[in-house]
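Okay, here's what each chain looks like letter by letter:
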Amino acid sequence: MRPDVSFVIAAFNAERSIARAIESAIAQRDVTVEVVVVDDCSSDRTVEVACSFPAELVRVVQLEKNRGAGAARNAGLEIARGRWIAVLDSDDTVYPDRLARMIRRAERFDAQIAVDNLSVVQEANGAETVMFESARLASLSELSLADFIAANLLFENTFSFGYMKPIFERRFVERNALRYVETVRIGEDYVFLASALARGGRCVVVSEPGYAYHIRSGSISRVLELHHVEAMLAADEAFMRDHPLDQAAQTAQARRMRSLEEGRSFLTLVQHLKQRAPLKAIMTALRDPMAVRHLKMPIAARLHRLGKAFRSRGTLQQTG
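Residues numbered from 1 in each chain as written. Predicted model: local features only at pLDDT ≥ 70, side-chain atom pairs only at ≥ 80, totals over all residues. Heavy atoms only, no water.

What follows covers the environment of Ile186. With respect to the helices, strands and loops of the structure, Ile186 is situated in the loop between helix 7 (170-175) and helix 8 (188-198). When the C-alpha positions of Ile186 and Val229 are compared, they lie 8.3 Å apart, and in sequence the two are 43 residues distant. (Helix = DSSP H or I, 4+ residues; strand = E, 2+ residues; numbered from the N terminus.)

Here is the structure:
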């Protein structure tokens, strides 16, 4: 019998949290569930822990080499059998009524996608805060492509709509051949949802939080690096080639592209400073002055000093 929902969990060295994620998935009320765990070549006990669950509830797939979250999710999509597909990160959890609530709303409005709010859980003390203002989401009974793009500008907010974990009707995903862009290692969720919206997916919004985004004490988050932004730019350029956008979406996309370009200039600038190449840093700042606004004060002050030296001496010495 086809389950209502397939949870796809991409896992890499997640032995400490994978059981908690799986348990929250199979604890969903009023829906039938299967869990597909795709192990991205972990070196710890992730596979062993995942395989300890009943095979009729949890299927485990092992990739032969590490390929990233997008590739792992694609492998999960290939074998997911549920009417709906839900993505769950291996260190996060979902609340018991989440999927039933989202599916009810999606089916009521004949939507192929549903998103909801998130709780941010500080594991050190158990404190929870809501990621997005409920009133803001309540005002968006339906999420348009333009609204989604506009809420995903680099460096503009602590949390963008790209953090949302939508559920998708599997039939819609297959009909439109939707897959994650595997070259994007940060922001892969954004491209997938944007593509789904651009292909006519209707997306309803649930303002209550149903997904718990866990922040572990002492954990090291992924650091945004230059190659990540370059991959985002390439993915967005491909997105624009592949999908016709209405005027509102084009306007939002232009702002997003500019934010990514500023981000690229900013990270290039920081890279030059770290490499003790002040002349290159100055030239980058001159080419894209807006990138400088993202610098924190100590680095900005250093750049100012370097610029002053350049003006007074005509040359720049390497500084520590």
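The rest of the description comes next.
Non-glycine residue Asp30 carries a positive phi angle of around 65 degrees. With respect to the secondary-structure elements, Asp30 resides in the loop between helix 1 (18-26) and strand 2 (33-39). Owing to a relative accessible area of 70%, Asp30 belongs among the exposed residues under this scheme. In this model, Ala177 sits at a positive phi of 50 degrees, which is unusual for a non-glycine residue. In this fold, Ala177 is placed in the loop between helix 7 and helix 8. (Buried < 20%, exposed > 50% of the residue type's maximum accessible area, 1.4 Å probe, protein only.)

With that out of the way, let us pick up the packing of helix 9 (residues 226-242) against helix 10 (residues 247-274). Helix 10 packs onto helix 9 with a crossing angle of 160 degrees between their chain directions and a minimal axis gap of 9 Å. The angle between helix 9 and helix 10 places the two elements in the roughly antiparallel class. Relative to helix 10, the crossing made by helix 9 is left-handed. Residues Leu226, Val229, Glu230, Met232, Leu233, Asp236, Glu237, Phe239 and Met240 of helix 9 form the contact with helix 10, whose participating residues are Gln253, Arg256, Met257, Leu260, Glu261, Gly263, Arg264, Leu267, Thr268 and Gln271. Partitioning the contact of helix 9 with helix 10 into residue classes produces nine nonpolar, four polar and six charged. (Axes fitted to C-alpha atoms, helices over the stretch in contact; angles between N-to-C directions. Parallel < 35°, antiparallel > 145°, perpendicular 65-115°, else oblique. Left-handed = near helix turned anticlockwise from the far one by under 90°. Contact = heavy atoms within 4.5 Å. Nonpolar A, V, L, I, M, F, W, Y, C, P; charged D, E, K, R; others polar.)

Here helix 4 (residues 98-108) has its buried residues at Arg98, Leu99, Ala100, Met102, Ile103 and Ala106. Where helix 4 is buried, its residues touch strand 1 (5-11), strand 4 (84-87), strand 5 (93-94), strand 6 (113-122), strand 8 (167-169) and strand 9 (203-215). One or two residues past the end of helix 4 sits Asp110, with phi positive at roughly 55 degrees.

What follows deals with the packing of aromatic side chains. Taken as a whole and assessed by the stated rule, the structure comprises seven aromatic pairs. Seen in terms of ring centroids, Tyr180 and Phe192 are 4.2 Å apart; in terms of plane orientation they differ by 15 degrees. Their pairing is stacked. Taken together, the positions of Tyr180 in the loop between helix 7 and helix 8 and Phe192 in helix 8 put the pair 12 residues apart, joining distant regions of the chain. On the accessibility criterion, Phe192 (4% relative accessible area) is buried. One aromatic cluster is present, built from ring pairs that chain together Phe159, Tyr163 and Tyr213. Of note, Arg73 hangs over the ring of Tyr180, and the distance from its end group to the ring centre comes to 5.5 Å. In this structure, Arg256 packs its charged tip against the face of Tyr190, placed 3.8 Å from the ring centre. (Phe/Tyr/Trp six-rings, centres within 6.5 Å; stacked < 30°, edge-to-face > 60°. Lys NZ or Arg CZ within 6 Å of the ring centre and 35° of its normal.)

Turning our eyes to something else, we now look at the pairing of strand 3 (residues 58-62). Across five bridges, the pairing between strand 2 and strand 3 is parallel. Bridge pairing links Val36 to Arg59 in strand 3. Crossover strand 2 to strand 3 through helix 2 (residues 46-51) is right-handed. (Pairing = 2+ DSSP bridges. Right-handed = clockwise from strand over helix to strand, strands pointing away.)

Direction vectors running N to C along helix 8 and helix 9 enclose 10 degrees, while the axes themselves pass 11 Å from each other. With respect to each other, helix 8 and helix 9 are oriented roughly parallel. Taken together, the residues of helix 9 that come into contact with helix 8 (itself represented by Tyr190, Val191, Ala194, Ser195 and Ala198) are Ala235, Asp236 and Phe239. Its residues placed into classes, the contact of helix 8 with helix 9 shows six nonpolar, one polar and one charged.

Inside soluble globular proteins, nonpolar side chains tend to come together where they are buried. Counting residues in each nonpolar core, the largest one holds 74 residues, and the members touching the most others are Phe7, Ile22, Val35, Val37 and Phe161. Examining the composition of this core, we find that seven residues originate from one element, helix 8, more than from any other. When sequence neighbours within four positions are dropped, the list of residues in contact with Ile22 reads Ile9, Val35, Val37, Ala50, Phe53 and Val58. (Core = buried A, V, L, I, M, F, W, Y, C linked by side-chain atoms within 4.5 Å.)

For the rest of this paragraph, the subject is the pattern of salt bridges. Under the defined criterion, the tally for this structure stands at 21 salt bridges. A salt bridge links Glu169 to Arg171, with the shortest nitrogen-to-oxygen separation between them at 3.0 Å. For Glu169, a relative accessible area of 15% corresponds to the buried category. If you follow the salt bridges from partner to partner, you end up with Arg73, Asp89, Lys165, Glu188 and Asp189 in one network. (Salt bridge = Lys/Arg side-chain N within 4 Å of Asp/Glu carboxyl O.)

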